[in-house]
Amino acid sequence: TSSRTTTSSSTPTDLTLDSGVTIEELKGDIDGAQTIVDGFWTTHWSDYFTGSYVPPTVVGLYDGTEPDTAPTCAGEPLEAYNAFYCPSNDSVAWDASLLVEGADRIGDSWVYLVIAHEWGHAIQARLDGTLVAQADELQADCLGAAALYGAAADGTLTFDMGDEQELVTSLSALADQMPWTMT
């Protein structure tokens with residue numbers, strides 16, 4: 001997965017994940033995903049919704065294995081191996097271990113999907129309550145995918161060979177235990 005707005009170059013380092021993704025590429029993917037998703041909603045908000053779009057605050061990477069230093073949401077430290085939208089301070093954050101392990105196991109599209117999904121929750125918070133689905137996790141997946149595929153249609157995101165399968169695998173790995181995810 002690559003964004004046309006990311007300017008950092010990927011250089012091989014000694015820190016290469018089993019999937020072949022380097023830590024430098026992972027950092028670029030994190031920055032690229034944030035830029036792509038925010039750019040999509042900035043450009044297309046008025047195509048789908050009323051009012052104006054204001055992006056959430058990006059807390060970004062954190063270390064959830066250290067509760068004393070982890071960011072908080074409503075006074076509670078964010079958990080390890082998870083990602084969050086925090087409604088009380090309108091922020092998005094993702095645990096470093098979650099992104100590294102997911103990218104290592106699945107590939108770089110994992111990072112884009114996790115960030116787009118959490119941004120999807122931020123989008124839900126901006127909507128009239130009648131537009132927010134009872135199955136809010138599924139809706140956040142849909143809003144995240146809409147941003148990624150919309151960015152691809154706009155030409156700001158390019159899917160590399162295998163990225164779409166990585167997205168499917170990522171969705172399966174992240175899926176809540178709901179009747180439609182049980183197979």
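Here is what the cut-offs are and how they apply
Each chain has its residues counted from 1, following the order in which its sequence is written. Where local features are concerned, this predicted model is filtered to residues with pLDDT of at least 70; where side-chain atom pairs are given and counted, the filter is 80 or more; whole-chain, interface and lining totals use all residues. Just so you know, side-chain values use all the structure's heavy atoms and leave hydrogens and water out. Counting from the N terminus, the helices are the DSSP runs of H or I reaching at least four residues and the strands are the DSSP runs of E reaching at least two. The buried label goes to any residue with under 20% of its type's maximum accessible area, the exposed label to any with over 50%, and the partly exposed label to all in between, with areas taken from a 1.4 Å probe on protein chains only. Note on definitions: a residue-residue contact is assigned when non-hydrogen atoms from the two residues lie within 4.5 Å. Only the protein chains shown count as cover for residues, and all accessible areas are computed by the Shrake-Rupley method using a 1.4 Å probe. Two cysteine sulfur atoms form a disulfide, by the criterion used here, when they sit within 2.5 Å. A helix is expected to reach a length of 1.5 Å times the quantity of its residues less one. Stacked, tilted and edge-to-face are the three classes assigned to paired rings of Phe, Tyr and Trp, where Trp is represented by its six-membered ring and a pair needs centres within 6.5 Å; plane angles under 30 degrees give stacked, over 60 edge-to-face, the rest tilted.

Asker: Help me out: how do you make sense of the overall build of the protein chain in this one?
Answerer: Along the protein chain, the regular secondary structure elements total five helices and seven strands. Secondary structure of the protein chain in N-to-C order comes out as β-α-β-β-β-β-β-α-α-α-β-α. Out of the 183 residues belonging to the protein chain, those deemed buried represent 41%. Of the contacts formed within the protein chain by residues at least 6 apart in sequence, a portion of 61% connects residues at least 24 apart. Just so you have it, the protein chain exposes about 9600 Å², and 53% of that area is on carbon and sulfur atoms.

Asker: What is the right way to look at the state of the cysteines in this model?
Answerer: Here a disulfide denotes one covalent bond, and it connects the sulfur atoms of two cysteines. Counting across every chain of the model gives one disulfide. Linked covalently through their sulfurs, Cys73 and Cys86 form a disulfide whose S-S length is 2.1 Å. One disulfide, between Cys73 and Cys86, carries an S-S torsion of 90° and so falls in the right-handed class. Of this pair, Cys73 sits in strand S3 (residues 72–73) while Cys86 sits in strand S5 (residues 83–86), and the two are 13 residues apart along the sequence. You'll find Cys73 and Cys86 in the same group, each marked buried.

Asker: Mind showing me how you'd approach helix H4 (residues 136–154) here?
Answerer: The terminal C-alpha atoms of H4, which comprises 19 residues, lie 26 Å apart, in line with the 27 Å expected from a rise of 1.5 Å per residue. Looking at H4, one finds that the buried residues are Gln139, Ala140, Asp141, Leu143, Gly144, Ala147, Leu148, Gly150 and Ala151. Packing partners of the buried residues in H4 comprise helix H1 (23–48), helix H3 (109–126), strand S7 (157–158) and helix H5 (163–174). A positive phi of about 90° marks Gly155, the residue just after H4.

Asker: Whenever I open this one, H3 confuses me. Can you help?
Answerer: Along an α-helix, residues three or four apart share an orientation, since each turn contains 3.6 residues. Between its terminal C-alpha atoms H3 stretches 26 Å, which fits the 26 Å expected from 18 residues at 1.5 Å a residue. Taken across its 18 residues, H3 has 16 buried, putting it largely inside the fold.

Asker: Looking at this structure, how should I read the packing of aromatic side chains?
Answerer: Two measures describe an aromatic ring pair: the distance that separates the ring centres and the angle between the ring planes. This structure, assessed with the given rule, holds seven aromatic pairs. Summarising the aromatic geometry, the rings of Phe40 and Trp41 are spaced 5.0 Å apart at their centres and angled 80° between planes, so their arrangement reads as edge-to-face. The pair formed by Phe40 and Trp41 is uniform in burial state, with each residue classed as buried. Taken together, a centroid distance of 4.9 Å and an interplanar angle of 40° make the contact between Tyr149 and Phe159 tilted. Taken as a pair, Tyr149 in helix H4 and Phe159 in the loop between S7 and H5 lie far apart in primary sequence, 10 residues in all. When its relative accessible area of 22% is taken as the criterion, Phe159 is described as partly exposed. Taken together, the ring pairs in this structure connect Phe40, Trp41, Trp45, Tyr48, Phe49 and Tyr53 into an aromatic cluster.

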